[in-house]
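Chain by chain, the residues:
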2 protein chains.
Amino acid sequence: MQTVQKPLTIALLSGGIDSATATGLAIEAGQEVIGLSFDYGQRHSKELKAASKLAQHFKLREHQTIHIDLAQWGGSSLTDLKQPIPDQGVIPSIIPTTYVPGRNTVFIAIALSFAEARKATQIVLGINAMDYSGYPDCRPDYLDSFQKLANLASKAGREGNAAKLWAPLINWNKTKILEEALRLNIPIHETWSCYSGLNTACGICDSCRIRDEALKKIGRKDLCSERHK
Amino acid sequence: MQTVQKPLTIALLSGGIDSATATGLAIEAGQEVIGLSFDYGQRHSKELKAASKLAQHFKLREHQTIHIDLAQWGGSSLTDLKQPIPDQGVIPSIIPTTYVPGRNTVFIAIALSFAEARKATQIVLGINAMDYSGYPDCRPDYLDSFQKLANLASKAGREGNAAKLWAPLINWNKTKILEEALRLNIPIHETWSCYSGLNTACGICDSCRIRDEALKKIGRKDLCSERHK
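Counting starts from 1 at the beginning of each chain's written sequence and moves along it residue by residue. For naming, the first written chain is A and the first written ligand is 1, with later ones following in the order written. Confidence filtering applies because this is a predicted model: local features only for residues at pLDDT of at least 70, side-chain atom pairs given and counted only at 80 or more, and all residues used for totals across whole chains, interfaces and linings. Note that the side-chain values use all heavy atoms of the structure and ignore hydrogens as well as water.

Trainee: Honestly, the interface of chain B and chain A in this entry has me stumped. Any pointers?
Mentor: Frequently, the measure chosen for interface size is the accessible area removed from exposure when the parts meet. At the junction of the two partners, chain B supplies 37 residues and chain A supplies 37 residues. Summed over both partners, the interface of chain B with chain A comes to about 3400 Å²; 64% of that surface belongs to carbon and sulfur atoms. By convention in these notes, a salt bridge is any Lys or Arg side-chain nitrogen within 4 Å of a carboxyl oxygen on Asp or Glu. The interface formed by chain B and chain A includes zero salt bridges. Pairs of N or O atoms within 3.5 Å make up the polar contacts considered here, provided that, within protein, one atom can donate a hydrogen while the other can accept it, and that residues adjacent in sequence are counted only when both atoms are side-chain atoms. Here chain B is connected to chain A by two residue pairs in polar contact (both at pLDDT 80 or more). At the level of secondary structure, the elements contributing two or more residues to the side of chain B that touches chain A comprise β3 (63–67), α3 (103–118), α4 (140–153) and α5 (155–158) of chain B. Broken down by element, the side of chain B that touches chain A gets its largest block of residues, nine residues, from α3(B). Here the residues of the side of chain B that touches chain A sort into 19 nonpolar, ten polar and eight charged. The contact definition used throughout considers only heavy atoms, calling two residues in contact when any of these lie within 4.5 Å. When two components associate, each loses some accessible surface as probed by a 1.4 Å sphere; the sum of these losses over both components is called the buried area. In this description a helix means any DSSP run of H or I spanning at least four residues, a strand means any run of E spanning at least two, and both kinds are numbered starting from the N terminus. Three classes are used: nonpolar for Ala, Val, Leu, Ile, Met, Phe, Trp, Tyr, Cys and Pro, charged for Asp, Glu, Lys and Arg, and polar for all others, with Gly counted as polar.

Okay, here's the thing in structure tokens:
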């Protein structure tokens, strides 16, 4: 009996709910998944431990963590410890200080390199434009443009085999993402969303707030903010 | 008297003649230049010493070297010591094994992040399509596509201030580049082109051959291949 080889997907695994859900969807779709995480000098490096736990949960055959020091030149409250983390709620028309210059562009560029080396046909991203519409690099037009670049950028692309960028959550809000995460049996307690860099989730940063609001809506009690009461 | 601040350019400085010439052109055009180099696991890491020497020659106010291990997953003879370096001459229709998957895409993505953090208005690249047309990521359509992505990718871009990608050598051959390098007083003896990873230039790899042919054409005697006779 011949073994049918599954198509290969690179999943950008941050340790948060979004990328975990995207990974779950790729596996559900019959893809073999390799995880890729980034140690980029983020203050909330605890998310990398969460990424490892999720890789184990999904039984990924490979999980690479790339070190790239985007904190080297500052420019974001996520990597610059001198800047406060915002907790005023996300205002969609304003780009928040947690925006790391070029972060997703660097991550996707590296994922494309990795995908080409591993002959992966797809890159799955947990990016969503709804809750974080303040981020310029989480929008559909940005991803479309990156796909065009990928088709021109690489040996595989010029041969018509560039990896496809797949962002299944792009138009979902956090409630929809959580519902899908539960359906896919993602261990939500193992994911990490908080920006603060503390040992337990702060419950007040934008990321905790959006997560908590969605958890409340679906009737969950395990809120980040509850841990500090 | 008020000091007029020069516009800021990030120069991708590999240590070779091309990026040195591009840097010289940016300075000649009245730009203040910051250098950016990459330690990406290349076997010819000697080029990084050359990049430092060139940064000193140009008296750059800042020169950053980013560590990003593209050798981690192989895929190129430039980073994989098990693969031989080709010395059969460049055949434009074939992508050579020295092609590193996604290298320029990763480098330009990081340069865009750096440019945004430093509020630089331009990124100057030594990329040229003539001698290395086998590389998919050294062509004008690739750069045009990257500019479109940059305009959508970043906070600066969405505000109409994305750094401009400038590749002044894109349509020049090596002879023209060397003539310009000499006109700009670039210390050619400080540049490093060889792919082999040896202490002295091998004189036989594609990069040495293209360099030597151009040096011969302009009547220079300091050929890489002469060092081994």
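Trainee: Is there a simple way to think about the relation of the copies chain B and chain A in this case?
Mentor: Copy one and copy two of the chain differ by a rotation about an axis and a translation along that axis. To superpose the copies, least squares is applied to the C-alpha atoms of every residue with a pLDDT of at least 70 in both. Expressed as a screw operation, the relation of chain B to chain A combines 0.0 Å of axial shift with a rotation of 180°, fitting to an RMSD of 0.0 Å. Here the copies are linked by what is in effect a two-fold axis. The residues that chain B uses at the interface reappear at the interface of chain A in 100% of cases, marking a shared surface.

Trainee: Mind showing me how you'd approach the sheet that holds strand β1 (residues 8–12) of chain A here?
Mentor: All names here are of chain A. Pairing within the open sheet is parallel, and its five strands lie in the order β3-β2-β1-β4-β5. Edge strands, defined here as strands with exactly one partner in the open sheet, are β3 (63–67) and β5 (164–166). Within the sheet, the average angular offset between the axes of one strand and its neighbour, ignoring direction, is 25°. One requirement defines pairing of two strands: DSSP has to find at least two bridges between them. In terms of strand pairing, strand β2 (residues 32–39) meets β3 through five bridges, oriented parallel. Residue leucine 36 lies in a different strand from β3, and its bridge partner there is glutamine 64. Every angle, taken between N-to-C directions, lies between 0 and 180 degrees, and every axis is a line fitted to C-alpha atoms, over only the stretch in contact when it is a helix.

Trainee: What should I look at first to understand the nonpolar core in this one?
Mentor: The nonpolar side chains of a soluble globular protein tend to be buried, and buried together. Ranked by internal contacts, the top residues of the largest apolar core, which has 92 residues, are Ile68(A), Ile123(A), Ile68(B) and Ile123(B). Elements with a minimum of two residues in this core: β1, β2, α3 (103–118) and α4 (140–153) of chain A together with β1 (8–12), β2 (32–39), α3 and α4 of chain B. We define the nonpolar core as a collection of buried residues of types Ala, Val, Leu, Ile, Met, Phe, Trp, Tyr and Cys that are connected through side-chain atoms lying within 4.5 Å of one another. Categorising residues by exposure relies on relative accessible area from a 1.4 Å probe, with only protein chains included: less than 20% of the type maximum marks a residue as buried, more than 50% marks it as exposed, and the intermediate range marks it as partly exposed. Ranked by size, the runner-up nonpolar core spans 25 residues in total, among them Ala51(A), Phe58(A), Leu169(A) and Ile188(A).

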